[in-house]
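Observations on the three-dimensional arrangement
Okay, here's what each chain looks like letter by letter:
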Amino acid sequence: MNVNEKLQKEIDERKAQFRNAWQKTSLYPDWRKEFFQAVNITLDPATAHPSLALSGGNRCVTWGVKSQDLPEDPQRFYSLPCVLGHQVFTSRRCYWEVEVGDHGAWDLGICRPHVMRKGRICIKPENGFWAIRFYKDEYWALTSPETQLTVKEHPVRVCIFLEYEEGRISFYNMIDKSHIHTWSQGSFDGPLKPFFRLWSSDSGHLTICPVPETVQNPLY
């Protein structure tokens, strides 16, 4: 057996072990995808703060040059520059990926569809948000109080895994394949939507990655 064959055998054995206990490990995000349904997320313009501009088929959000004059809408965020995805989750395991770029400031995660849009909004689970934050070169899990995270390499691209029935949402750095953070809620008990936030005009942009046509159905 040559070196390549030995390496492939080791990989196959490790993957077999992972398949038997994937829910207990935070490693190998690419392998985790086999157990989740890839979702094509698009942004909902009706929820977008007036300072946010959507483009790329409603897959990209940037901070606009000036605030837009938009009609009043109860779904729209007015206090914080946020936008939600169109999709509503009430079951299953699914995942989506977001290009966050190499600079800026953002929040990323999920929330209840009817979270506050006006007034003083605090992004934390008690208010219906489960999210992580990158701000001033620091990473935070938006717990109550917030928890600082250790990230060895800036992600550039983040994968979000939602396990609805299990009450878990996990974030992975798809550049070095490392685990960023996992929320273990116990039970979500209600609908959820993808959540996105930019902080200012120098926040860069967030772009949702389309699902490749070659992606197969999950292995349940």
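Residues numbered from 1 in each chain as written. Predicted model: local features only at pLDDT ≥ 70, side-chain atom pairs only at ≥ 80, totals over all residues. Heavy atoms only, no water.

Overview of the packing of aromatic side chains
One pass over the structure, following the stated rule, counts 10 aromatic pairs. Where F129 meets F195, the ring centres are 5.1 Å apart and the plane angle is 65 degrees; that geometry is what we call edge-to-face. Taken as a pair, F129 in strand β7 (residues 129-135) and F195 in strand β13 (residues 193-198) lie far apart in primary sequence, 66 residues in all. There is no split in this pair, since F129 and F195 are both buried. When the centroid spacing of 5.3 Å and the interplanar angle of 85 degrees are considered together, the rings of W130 and F188 count as edge-to-face. One end of the pair, W130, is in strand β7; the other, F188, is in the loop between β12 (178-184) and β13, with 58 residues separating them in the sequence. We note that W130, like F188, is buried. Taken together, the aromatic side chains of F36, Y95, F161 and Y172 make up a single cluster linked through ring pairs. (Phe/Tyr/Trp six-rings, centres within 6.5 Å; stacked < 30°, edge-to-face > 60°. Helix = DSSP H or I, 4+ residues; strand = E, 2+ residues; numbered from the N terminus. Buried < 20%, exposed > 50% of the residue type's maximum accessible area, 1.4 Å probe, protein only.)

Looking at the pairing of β7
Along β7, six of the seven residues are buried, which leaves the element largely enclosed by surrounding structure. Alignment of strand β6 (residues 106-111) against β7, held across six bridges, turns out to be antiparallel. Bridged to G109 within β7 is A131. Note that β7 and strand β8 (residues 138-141) share four bridges and pair antiparallel. In the sheet register, F134 faces β8, and the bridge partner there is Y139. Between β7 and β8, which pair antiparallel in sequence order, lie two residues; one of them, K136, sits at a positive phi of approximately 50 degrees. (Pairing = 2+ DSSP bridges.)

Re the nonpolar core
By size, the foremost hydrophobic cluster in this structure holds 36 residues, and its most contacted members are W96, W106, L108, L162, I169, F196 and L206. One finds F77, V115, I121 and L142 within the second-largest nonpolar core, a separate group that totals 13 residues. (Core = buried A, V, L, I, M, F, W, Y, C linked by side-chain atoms within 4.5 Å.)

Concerning the pattern of salt bridges
Two side chains with opposite charge may pair up if their charged atoms get near one another. The final tally for this structure, using the stated rule, is 11 salt bridges. A salt bridge links D30 to K33; the shortest N-O distance between them is 3.8 Å. Exposure remark for D30: the relative accessible area of 37% places this residue in the partly exposed category. The network of salt bridges with common partners includes D30, K33, E97, E99, R157 and K177. (Salt bridge = Lys/Arg side-chain N within 4 Å of Asp/Glu carboxyl O.)

Quick look at the environment of F171
Within the secondary structure layout, F171 lies in strand β11 (residues 168-173). Put simply, F171 and Y95 are 76 residues apart on the chain and 9.8 Å apart in space, counted from C-alpha to C-alpha. Leave out the neighbours within four places in its chain, and F171 touches L108, G109, W130, A131, I132, V158, C159, I160, H179, I180, H181 and W183. (Contact = heavy atoms within 4.5 Å.)

Some points on the environment of S187
Looking at the secondary structure, you find S187 in the loop between β12 and β13. On the basis of relative accessibility, which here comes to 46%, the residue S187 falls in the partly exposed class. Sequence separation between S187 and E163 is 24 residues, and the spatial gap between their C-alpha atoms is 9.8 Å.

A closer look at the pairing of β8
Pairing geometry for β8 and strand β9 (residues 147-149), over three bridges, is antiparallel. Paired with Y139 across the bridge in β9 is L149. What sits between β8 and β9 in their antiparallel hairpin is a turn of five residues.

Description of the sheet that holds β8
In space, the six strands of this open sheet follow the order β4-β13-β6-β7-β8-β9, with antiparallel pairing throughout. The outermost strands of the open sheet, each flanked by one partner alone, are β4 (82-84) and β9. Direction aside, the axes of adjacent strands within the sheet are offset by 20 degrees on average. The pairing of β4 with β13 spans three bridges and is classified as antiparallel. Counted as the bridge partner of C82 is R197 from β13. (Axes fitted to C-alpha atoms, helices over the stretch in contact; angles between N-to-C directions.)

Just geometry here; none of it tells us what the structure is for.
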